[in-house]
Amino acid sequence: MKESMRILTSETPEHEGEEVELCGWVHARRDHGKIIFIDLRDRSGLVQVVFSQDIARATELRLEYVLKVKGAVKKRPAAMVNDKLPTGRHEIEAKTLEVLSVSEALPLPVDTDGYEVNEETRLKYRYLDLRRERMQRNMRVRHAATQFIRNYLSDKGFWEIETPILTKTTPEGARDFLVPSRLQPGKFYALPQSPQQYKQLLMVAGVEKYFQIARCFRDEDPRADRAYGEFTQLDVEMSFVNQEDILELAADLFTKLATVVFPEKKITRTPWPRLSHKEAVSKYGSDKPDLRKNKKDPDELAFAWIVDFPLFTEQTTTDFFHGSGSAKFAPSHHMFTAPHPDDIALLDSDPTKVRGLQHDMVLNGFEVGGGSIRIHQPEVQEKIFDLIGFSAAQKKQFEHMLKAFTYGVPPHGGIAPGLDRFLYAALGEKSIREVMTFPASSGGKTAVMDAPSEADKKQLGELGLKTIA
Ligand code: ASP
C-alpha cells in the first residue's frame, strides 16, 4: 500500500505552494455562501481550509466531523493574516474532501479552556474533554516529563523495575484498597499505597539503583492537590548513599527537567534552599512554604528541601490505620524511615525529640515528594514497630522485611516525587485532575466508565462474598 501523504497542520507553512493532504476535526466553520472556511484541528494545532461551494459535501460539514482534505498551501492576503495562529499566514485551498466520520453535536465545548464546564460532564465525556488545547498540552507535557525522567535516570545507571499491584498492604498512613482472592476465599490482596517495601527488597536483591513510574493506590478523600484512588510517583531507591546524595540527584533531575519541559519558567533559587522542619514552621508557619518571590507570577518555580523532621507525630486514630490505637506515636513519614544517628538514644528516653532522616521536596507551597534514608538494622526496625504500638500479629505482617534484613542488607534510601503533584504545581493548574488523563471524580466515580459498579451473584459467589449493604 502507498504510504499516506498526510502532513500535520503545523507543518503547512513549510509546504507553501505545494499540494498537501491533511486529516483532522472540524474545529470551527464559517459559511460565507460561496465559500466555506473550516478550521481543521489535529494534535499539532489548527489551519484554515477554504472550500468553494463546488466541492461536494462541503456544505454538509459540521463541528467535529473528521475529514481528509487535499489542497494547495497558499499564502493568505496581508489583510487576512491571523497572527494568533502559528499557521495564520497560510491557508489550504481545498481540492478534494473526504468525510471520514460524522459527529453529533458535542455535549460540551472543546474550543475553550474548559474551566467553565461542569466537571462531572467533563469526566463523563473525558475523551472529548481531552480534545481541548489545554488538555492536549497537559498530556504532551506529562509525556515529555516522563520521557526526560526515564532518559536521565537510565543514563545514570538506574534500572526501571515494575513491582506487583496485587500485593500486601504497604502502610503509608492511608486506607487500603482490598481485592478479594478467588483462589483463597476469605483472603484479600491490598493495592500498594506505594512500592516502598518492594523497592527496599530490591536493594537487598543487589539492584543498587532502582526507579519506577509507579501507580499508587490510597483510599483517601480527594482535595485540590490529591486525586481520589490512584496517583503516579517517580519512585527511586539507591544503596550505599547518604541523604546528601539523594537530595543532589533529585534536585539535579528536577532542575534539568524544569529547564527542558518548562523553558518559559524561572527557578527562583538554585541550589534549592534547604530548611529544617523547625525553621520552616517557625519562619513560614508551614512545612511546605511557598518561597516564590512573586506569588502572582505563573512562571516561577520555587523548589525547596525540608529536612530534620521529627521521626514521630502524635498518633490520631484517623490518620494512621495500622497502629493498635493505644500507642502515642505515628511515623511522621513512614515506619521505615531511619532515626537520625545522633538521636538513637532518645528512642528510649524521649521519642518525640528524635529527628528522622526524612526529606520533603516542596514546590510553590506544595509538598511534591518525600523520602528518607531507611532503617536497615532489624533491631531498630523492631523498636520503631513497638513505639508505634504494633501488636505481635501486626509485626508478623512485616516479617518478610525483618527476615530479608538478616541476609546482608546495604544501607539505602530514596525518594518518591509525585508526578501528578509536580505537574499540577509546576503548571499552576486549578486541580490535580487537570494533569491526569482519566481521573476519578471527587465522589470516587471513574471517568467515562462509571466504576465502581455492582458485581453479579456468580462473581461474588466465586469470591466467597456476600454484600450486606
Ligand atoms: N514511599 C514513600 C511515599 O510514598 C516515598 C519514599 O519514602 O520513598 O511517600
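From a predicted model like this one, the values you see are computed outputs, not experimental measurements.

Chemist: Would you mind going over the pairing of strand 1 (residues 19-31) with me for this structure?
Modeler: Two faces make up the sheet, and in a regular strand the side chains alternate between them. The sheet contact formed by strand 1 and strand 4 (residues 66-75) spans seven bridges and is antiparallel. Bridge pairing in strand 4 places E21 opposite K70. In terms of strand pairing, strand 1 meets strand 2 (residues 35-42) through six bridges, oriented antiparallel. Across the sheet, D31 pairs through a bridge with I36, a residue of strand 2. Here strand 1 hands over to strand 2 after three residues, with G33 in that stretch at a positive phi of 80 degrees.

Chemist: Looking at this structure, I do not really get the environment of Q459. What am I missing?
Modeler: For Q459, the location among the structural elements is in helix 12 (residues 457-463). Taking the C-alpha atoms as reference points, Q459 and L419, separated by 40 residues in sequence, lie 35 Å from one another.

Chemist: How should the packing of helix 3 (residues 133-155) against helix 11 (residues 419-427) be read in this particular structure?
Modeler: How two helices pack is summed up by the angle between their axes together with the distance between the axes. Here helix 3 crosses helix 11 at 125 degrees, and the two axes come no closer than 11 Å. In this view, helix 3 runs oblique relative to helix 11, as classed from their interaxial angle. At the point where helix 3 passes helix 11, the crossing takes the right-handed sense. Where helix 3 abuts helix 11, its residues R137, N138, V141, R142, A145, T146 and I149 lie against L419, D420, L423 and L427. A per-class count over the contact of helix 3 with helix 11 returns six nonpolar, two polar and three charged.

Chemist: When you look at the sheet that holds strand 5 (residues 90-101) in this model, what are you seeing that I'm missing?
Modeler: Picture the strands of a sheet paired through backbone hydrogen bonds; they go either parallel or antiparallel. Here we have five strands rolled up into a closed barrel, ordered 1-2-3-5-4, and mixed in their pairing. Strand-to-strand twist of the sheet, defined as the mean angle between neighbouring strand axes without regard to direction, takes the value 55 degrees. Judged from the two bridges that link them, strand 3 (residues 45-52) and strand 5 form a sheet pairing that is parallel. Looking across to strand 5, one finds that V50 is bridged to E93.

Chemist: Hey, could you run me through helix 8 (residues 378-387) in this one?
Modeler: Residues spaced three or four apart along an α-helix face the same direction, because each turn holds 3.6 residues. Those residues of helix 8 that sit buried are V380, Q381, I384, F385 and L387. All buried residues of helix 8 project into a common sector of 165 degrees when viewed along the axis, lining one side. Taken together, the buried residues of helix 8 touch strand 15 (312-314), strand 16 (329-331), helix 7 (346-349), helix 9 (392-396) and helix 10 (399-404). G389 occupies a position one or two residues after helix 8 and carries a positive phi of about 85 degrees.

Chemist: Can you help me understand the sheet that holds strand 14 (residues 303-307) in this one?
Modeler: Reading across from one edge, 6-9-10-19-18-17-14-12 is the order of the eight strands in this open sheet, with mixed pairing throughout. Each end of this open sheet is capped by a strand with a single partner; those strands are strand 6 (159-160) and strand 12 (274-276). In terms of strand pairing, strand 14 meets strand 17 (residues 358-363) through five bridges, oriented antiparallel. Note on strand 17: the bridge partner recorded for V307 is H359. Packing of helix 6 (residues 277-284) onto the sheet brings it into contact with strand 12 and strand 14, and relative to strand 12 it is tilted by some 90 degrees.

Chemist: Can you walk me through the site of the ligand in this structure?
Modeler: The ligand sits among 13 residues. The nearest are Q196, K199, Q233, H334 and R374. Side-chain polar atom of K199 to an oxygen atom of the ligand: 2.7 Å apart, as the coordinates give it. Within the side chain of R374, an N or O atom sits 2.8 Å from an oxygen atom of the ligand. Protein chains bury 93% of the 270 Å² of accessible surface belonging to the ligand in isolation. Those elements giving two or more residues to the shell around the ligand turn out to be helix 4 (196-204), strand 18 (366-373) and strand 19 (412-417). In terms of residue class, the shell around the ligand is made up of two nonpolar, seven polar and four charged.

Chemist: What should I look at first to understand the packing of helix 3 against helix 5 (residues 243-261) in this one?
Modeler: Between helix 3 and helix 5, whose axes approach to 10 Å, the crossing angle comes to 140 degrees. With respect to helix 5, the axis of helix 3 lies oblique. The way helix 3 lies across helix 5 gives a crossing that is right-handed. Every residue of helix 5 that contacts helix 3 at V141, A144, A145, F148, I149, Y152 and L153 is listed here: L249, D252, L253, K256, L257, V260 and V261. Its residues assigned to classes, the contact of helix 3 with helix 5 comprises twelve nonpolar, no polar and two charged.

Chemist: For this particular structure, what's the right way to read the pairing of strand 2?
Modeler: Among the eight residues in strand 2, seven count as buried, and that is most of the element. Here eight bridges tie strand 2 to strand 3, and the two strands are oriented antiparallel to one another. Each residue of the ladder has a partner; that of I35, found in strand 3, is S52. Between strand 2 and strand 3, which pair antiparallel one after the other, the connecting turn spans two residues.

Chemist: Help me understand the side chain of T87 in this model?
Modeler: If you trace the backbone, T87 turns up in the loop between strand 4 and strand 5. By relative accessible area, T87 is classed as buried at 3%. A polar contact of 2.6 Å, which involves the side chain of T87, links it to the backbone oxygen of L46. Aside from chain neighbours lying at most four places away, what touches T87 is T9, S10, T12, P13, L46, V47 and R76.

Chemist: Just to check I follow, could you spell out unusual backbone geometry for this structure?
Modeler: Note: most residues except glycine have negative phi, and most peptide bonds are trans. Cis peptide bonds are those with omega within 30 degrees of zero, and the linkage from T270 to P271 qualifies with -15 degrees. The topology assignment puts P271 in the loop between strand 11 (266-267) and strand 12. Look at the link from A451 to P452: it is a cis peptide, with omega at 5 degrees. If you trace the backbone, P452 turns up in the loop between helix 11 and helix 12. Not every positive phi belongs to a glycine, and E208 is a case in point at roughly 70 degrees. Tracing the backbone through its elements, the reader meets E208 in the loop between helix 4 and strand 9 (209-218). A positive phi is found at N364, a non-glycine position, where the angle reads about 50 degrees. Mapping N364 onto the fold places it in the loop between strand 17 and strand 18. Judged by relative accessible area, N364 falls into the buried class, the value being 6%.

About the cut-offs
Residues numbered from 1 in each chain as written. Predicted model: local features only at pLDDT ≥ 70, side-chain atom pairs only at ≥ 80, totals over all residues. Heavy atoms only, no water. Pairing = 2+ DSSP bridges. Helix = DSSP H or I, 4+ residues; strand = E, 2+ residues; numbered from the N terminus. Axes fitted to C-alpha atoms, helices over the stretch in contact; angles between N-to-C directions. Parallel < 35°, antiparallel > 145°, perpendicular 65-115°, else oblique. Left-handed = near helix turned anticlockwise from the far one by under 90°. Contact = heavy atoms within 4.5 Å. Nonpolar A, V, L, I, M, F, W, Y, C, P; charged D, E, K, R; others polar. Buried < 20%, exposed > 50% of the residue type's maximum accessible area, 1.4 Å probe, protein only. Arc of directions from axis to C-beta. Near = heavy atom within 4 Å. Polar contact = N/O pair within 3.5 Å; in protein donor to acceptor, adjacent residues only side chain to side chain. Areas by Shrake-Rupley, 256 points an atom, 1.4 Å probe, with all protein chains shown as cover.

Keep in mind these values describe shape, not function.
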